[in-house]
Amino acid sequence: MNLPVPETKLILQQKKNLRSAMRVKRRNIPTQVREHCNAALNHRLIKRLLDLPPCTVSAYSAFDGEPDLAPSFVALREAGFELALPYIETQRGSRSMVFRLWQPNDALSANSLGFSEPSQGEQLEPCELGVILMPLVAWDPSGVRLGMGAGYYDKALAPLRHRAKPLRIGIAFDTQRLDKIPVDRHDIPLHELISESQRFTFPA
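These numbers were taken from a predicted model, which means no experiment stands behind them.

A. Layout of the pairing of strand 7 (residues 131-135). For strand 7, the buried fraction is high: five of the five residues fall into the buried class. Burial of strand 7 is two-sided: the residues Val131, Leu133 and Pro135 facing one way and the residues Ile132 and Met134 facing the other way are all buried. Inspection of the sheet shows strand 1 (residues 56-58) paired to strand 7 by two bridges, in the parallel sense. Bridge assignment links Val57 to a residue of strand 7, and that residue is Val131. Bridge count for strand 7 against strand 10 (residues 167-171) is five bridges, and the pairing is parallel. Bridge pairing links Leu133 to Ile169 in strand 10.

See below:
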């Protein structure tokens, strides 16, 4: 007798399959296309953020083919914004994402997950951030974000799920868009997404 697969396990498997395919697609963007798209995305991002009052913006250090936000950092600092980067903290055998103030010349070190994080810096609570720029593997028109699978952003932002602050802005290339991504109750939706072609806003 074949028993039905529990919905949560089915969703996890669907996400795993999508994640694997979309990571390959993201990494395989040709170099010249990537450079053009990255420049356009950073231009659009700076324009969007400069419409906001200066605040603390959590960015990220790109890896695995993610859009590189480094071209935006100096412009944001010059406009009065503070920058922060995520840091994976281990306590009592459990890992969680925290955020550290960071400046473009501050040291970064690679962690076991493959991305670089601040070696030091004042730690901030998520509620102290004005904007959080969230990398992703794929996104859909309803604002669902498919991440790398560990759930760090979802866990860190869960207490603020229904709040407008920090403003959750996904960062991705157009090619990372899917028609629909499976979603479960733990997934934190985006407020906005910025790609190389436009800014998308999603229902609250």
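B. Seen up close, the sheet that holds strand 1. Read across the sheet, eight strands follow the order 6-3-2-1-7-10-11-12 without closing on themselves; strand pairing throughout is mixed. What marks the edges here is a single partner per strand, and that holds for strand 6 (123-124) and strand 12 (199-201). In terms of strand pairing, strand 3 (residues 94-102) meets strand 6 through two bridges, oriented antiparallel. Counterpart to Arg100 in the pairing with strand 6 is Gln123. Each of strand 1, strand 7, strand 10, strand 11 (192-194) and strand 12 is contacted by helix 2 (residues 31-49), which is oriented at about 140° to strand 11, the strand it contacts most.

Thresholds, definitions, all that
Residues numbered from 1 in each chain as written. Predicted model: local features only at pLDDT ≥ 70, side-chain atom pairs only at ≥ 80, totals over all residues. Heavy atoms only, no water. Buried < 20%, exposed > 50% of the residue type's maximum accessible area, 1.4 Å probe, protein only. Helix = DSSP H or I, 4+ residues; strand = E, 2+ residues; numbered from the N terminus. Pairing = 2+ DSSP bridges. Contact = heavy atoms within 4.5 Å. Axes fitted to C-alpha atoms, helices over the stretch in contact; angles between N-to-C directions.

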